Amino acid sequence: MVGIVGVTEIKGVTYVIGATDINDVGSSWETIGGKVEEGKAKLVVVDAEVGVRVGGMDRGMPYTSYPDESYSGESASKLPPVDIIITTTDPFREPAILTANTVLSVLALDYPVEKIACYVSDDGRSPITFYSLLETLEFAKKWVPFCRKFNIESRAPFMYFSKKPPSSDPSFLQEWECMKCEYERLKRRIAEALETEHVPLDSVSENGVNCFESESSEIRIHSSIVKVIHENKVVDGSEDDDLPHLIYVAREKIPKVNHHYKAGAMNVMARVSGLMTNAPFILNLDCDMHICNPKVIQHAMCFYLDCPSERECGFIQFPQLFYGVLDDDPLGNQHKTFFTTLAKGMNGIQGPVYGGTCCFHRRKGLYGVPPSPPADKYRSKEKILGFNGKELQDEFIRSAFGESSALVASAHAIMRDNGWHKPSSPSLVIEESLMVSNCSYEANTAWGKEVGWMYGSTVEDVMTGLKVHSLGWHSIYYTPEQPAFMGCAPGNGPDILVQNKRWAAGLLEILMSKLCPLLGKQRQLMLRQRMLYAYFTVSPITSVAVLCYAILPAFSLLTGKSFLPKIQDPAFITAAGLFISVHGYGHYEHLTSGCSAREWWNSLRTWLITILSASLFAIFDVVMKLMGLSETVFVVTPKGGDEEEASVGDFTFDSSPLFIPPTTVILINLAAIIQRTSQIVGGHSELKDNLFGEYFCSVWVLINLRPFLKGLVRKGKLGLPWSIVIKSGALALFVCRTWAY
Ligand SMILES: O=c1ccn([C@@H]2O[C@H](COP(=O)(O)OP(=O)(O)O[C@H]3O[C@H](CO)[C@@H](O)[C@H](O)[C@H]3O)[C@@H](O)[C@H]2O)c(=O)[nH]1
Ligand SMILES: [Mn+2]
């Protein structure tokens, strides 16, 4: 049975296809859903190849998967193991109960338990996170059988219990109530630990030693902590067991050493999981992203296992969806059109960029190995090439992967035949795991350069995806009908700007790195894919132009020098036409992505705000980094608790300098409009005289920055702090005075 098909419709005829390699098409796809003649199939491929927004009309190739037909009953034994990695940094900023829910949604997956392993990376090395995982495991022992028994869809308890019981059957209701009580108890325990910042000593001690003792303590045995919280018993056949492995890892951190933020954490996890379970596929999740489709792995496997050649499927990116969001996305932070247009469109080229979470990886691709050619056409199986075209000798792997012999062996198994050597048991490799989680392990290895998550950018996801694409792998963007993952989006103005600043700075860092898509070094990166990467990484620089355009109309109004054609001039139609077509297209793109007109309007506003603040500051940060004066930082986005009140959807402010540029732009435009209006009202000048276009543009800027306009008069979080208004006022005054001369 074939599990994956791409379906596309041309002139009313639906074509079914799954390969983008023209040579593979026709032969392998006749088996599915009716015949696909070779000629027509080629047409589909060509159609997919011009996938990304040619003329803004094409939406790339949609995919469908049929896991139930492919992997039920006996075929379930074909399913490969998957390592699931969850990252967290701080039980307060990223509430421990959210992480617990994500872990529970993983433990309760509808997948053979002995084939999944759940790894939690705790970059904060917090006893509270560890303790909450112990409690989560106790709850899971009841929760998972409950989910299986009643075939529950939403397996993150906070989501499940936020709705009414799905049935009124008394015996079900009794169990439901019971389970709800248990969940409340779990919540209470975690909340108490957070409140008192204290956990029961016996939960974090081993042989009388507290493993979380502070750095300076002499009794501290290991700098990194690796704990097998639960080891699945089915693996060694000793007993029945409902739960997969659950493993806690806190890597070593030493002051003044560059830990490479999330990328560093992911690489430690790649190594530890490589030693313990070494699954050929890895799913990585941010701690707030729970799984809401318990069959998600089967969906992903439809792609991995049924691709005509492994090259087609390096990684599979699912959309990032958010819960608890307001209608019409008032803060413009859901990025829906990014997924519905760009990511989907990229399916037609080399596939979507990697988005940091909700993504299945092929370990082999992450290990820096290019895809093997289909059916061993070009070279014999024995001659397998690693990065930089070198043959995979043990010596070579050791120099790339580090000193651990067990890790070298596991990497070899992955690189050679995508397979996995059956590791003994997680608890038997603790010593080795501790070693590979230490800071010094990566010295003089290829981690972060050729292997694993890439270093050097705070947008490690895009950079890592670019690396994988550069090796010749393709990726897939896939949206199953039932959403697969849900998480939280930042809920207030300052957090949105800080997040966007990190993204903009990270993208610029990629542009400055040796993976720069403009340098043309990566021979396997397709031209249009390269152009898209170039578009993403260059985009923060456009903020300088946007800033100029945002104050140019004010300049004209204040100085009387026009930059647009006069209204009575026929050329005015061209300018108006450009304006209408740009915004008309944005509008159209939103409507066809299932967004409302208001949502388009809101996202336009957020775009202008973020580009005028976050992107400008990002340029500054990266210039400082290039001059060696400072480093870019990964500020973790705070995540709401599961019961946080829905925000009212208003943009909020604080005294961060990020708010200065948009406020200055507002003040300059306000001054220009007031001056011009008073001239017109006073009869000194006539609106239709000239400068109609400039006047309109200035008002347009004000309308787009309306949260700032409101912020000038509002109080509290909704108002701009005085310090920002005064600094921006001084800057605006300076700019206007300069123009006057
Ligand atoms: O030093 C660090 C910093 C972050 N994280 C984890 O990284 C994840 C993402 O952090 P978050 O602040 O939630 O990122 P977002 O603002 O949501 O950022 C997006 O963009 C990031 C790249 O900038 C990607 O890594 C994310 O997956 C993606 O969701 C979280 O699980 C963190 O716990 C670490 O493990 N160590
Ligand atoms: Mn996040």
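Residues numbered from 1 in each chain as written. Chains lettered and ligands numbered in written order. Predicted model: local features only at pLDDT ≥ 70, side-chain atom pairs only at ≥ 80, totals over all residues. Heavy atoms only, no water.

## Re the UniProt feature "binding site: UDP-alpha-D-glucose" (unreviewed entry) in the protein
So, step 1. In the numbering adopted here, UniProt assigns the feature "binding site: UDP-alpha-D-glucose" (unreviewed entry) to Glu-94 and Asp-123. The named residues occupy 30 residues along the chain; their greatest pairwise C-alpha distance, 11.5 Å, places them in one compact cluster.
So, step 2. Tracing the chain through its elements places Glu-94 in the loop between strand E4 (82-88) and helix H3 (96-107).
So, step 3. Apart from residues lying up to four places away in sequence, Glu-94 is in contact with Thr-88, Thr-89, Thr-99, Cys-287, Val-636, Thr-637 and Lys-639.
So, step 4. In this structure the side chain of Glu-94 is engaged in a polar contact, spanning 2.7 Å, whose partner is the backbone nitrogen of Thr-89.
So, step 5. Judged by its relative accessible area of 12%, Asp-123 falls in the buried class.
So, step 6. Non-local contacts of Asp-123, meaning those with residues more than four positions away in its chain, are made with Thr-88, Thr-89, Arg-251, Lys-253, Tyr-261 and Ala-265.
So, step 7. A polar atom in the side chain of Asp-123 sits 2.7 Å from the side chain of Arg-251. (UniProt positions renumbered as here; feature names shortened; annotations may be inferred. Helix = DSSP H or I, 4+ residues; strand = E, 2+ residues; numbered from the N terminus. Contact = heavy atoms within 4.5 Å. Polar contact = N/O pair within 3.5 Å; in protein donor to acceptor, adjacent residues only side chain to side chain. Buried < 20%, exposed > 50% of the residue type's maximum accessible area, 1.4 Å probe, protein only.)

## Things to note about the nonpolar core
So, step 1. Within the largest apolar cluster, 125 residues are counted, with the highest numbers of intra-cluster contacts made by Val-82, Trp-143, Ile-297, Ile-316, Phe-360, Phe-401 and Phe-485.
So, step 2. The residues touching Ile-297, leaving out its near neighbours within four places in the chain, are Val-82, Ile-84, Leu-109, Tyr-111, Ile-116 and Phe-360.
So, step 3. Residues Phe-659, Tyr-695, Val-701 and Trp-739 belong to the second largest nonpolar core, which totals 34 residues. (Core = buried A, V, L, I, M, F, W, Y, C linked by side-chain atoms within 4.5 Å.)

## Observations concerning the sheet that holds strand E8 (residues 225-230)
So, step 1. Strand order in this open sheet of eight strands is E8-E9-E5-E4-E10-E14-E12-E15, and the pairing throughout is mixed. With partners counted over all chains shown, the strands left at the sheet margins are E8 and strand E15 (475-477), one partner each. Going from strand to strand, the sheet's axes swing by 20 degrees on average, the running direction of each strand aside.
So, step 2. Here seven bridges tie E4 to strand E5 (residues 116-122), and the two strands are oriented parallel to one another. Among the inter-strand pairings, Val-82 is bridged to a residue of E5, identified as Ile-116.
So, step 3. The sheet contacts of H3 involve E4, E5, strand E9 (245-250) and strand E10 (281-286), and relative to E4 the element is tilted by about 175 degrees. (Pairing = 2+ DSSP bridges. Axes fitted to C-alpha atoms, helices over the stretch in contact; angles between N-to-C directions.)

## Structural notes on the UniProt feature "active site" (unreviewed entry) in the protein
So, step 1. Mapped onto this numbering, the UniProt entry gives "active site" (unreviewed entry) at Asp-123 and Asp-461.
So, step 2. Tracing the backbone shows Asp-123 in the loop between E5 and helix H4 (127-149).
So, step 3. Relative to the elements of secondary structure, Asp-461 occurs in helix H15 (residues 460-470).
So, step 4. Exposure remark for Asp-461: the relative accessible area of 12% places this residue in the buried category.

## Some points on the environment of Thr-559
So, step 1. Residue placement: Thr-559 occurs in helix H18 (residues 542-559).
So, step 2. Under the relative-accessibility criterion, Thr-559 is labelled partly exposed at 26%.
So, step 3. Counting along the chain gives 181 residues from Thr-559 to Ala-740, while the straight-line C-alpha distance between them is 6.9 Å.

## What to know about the side chain of Glu-252
So, step 1. Assignment of secondary structure puts Glu-252 in the loop between E9 and helix H8 (261-276).
So, step 2. At a separation of 2.8 Å, a polar atom in the side chain of Glu-252 contacts the side chain of Ser-223.
So, step 3. For Glu-252, the side chain forms a polar contact with the main-chain nitrogen of Cys-439, separated by 2.7 Å.
So, step 4. What Glu-252 contacts, discounting residues up to four positions off in sequence, is Ser-223, Ser-224, His-259, Ser-437, Asn-438, Cys-439 and Ser-440.

## Section: the sheet that holds strand E11 (residues 290-291)
So, step 1. Here three strands make up an open sheet; going across it, the order is E11-E16-E13 and the pairing mixed. At either margin of the open sheet sits one strand with a lone partner, and together these are E11 and strand E13 (321-322).
So, step 2. Bridge analysis of E13 against strand E16 (residues 485-487) gives two bridges, and the strand direction is parallel. In the sheet register, Leu-321 faces E16, and the bridge partner there is Met-486.

## Some remarks on the site of ligand 1
So, step 1. Near ligand 1 you find 23 residues, and of these Asp-123, Glu-460, Gln-499, Thr-637 and Lys-639 are the closest.
So, step 2. Contacts to ligand 1 include Gln-499, whose side-chain N or O atom sits 2.6 Å from an oxygen atom.
So, step 3. Measuring from an oxygen atom of ligand 1, one finds a side-chain N or O atom of Trp-503 at 3.0 Å.
So, step 4. Sorting elements by how many residues they give to the shell around ligand 1 places helix H16 (residues 493-512) first, with three residues. (Near = heavy atom within 4 Å.)

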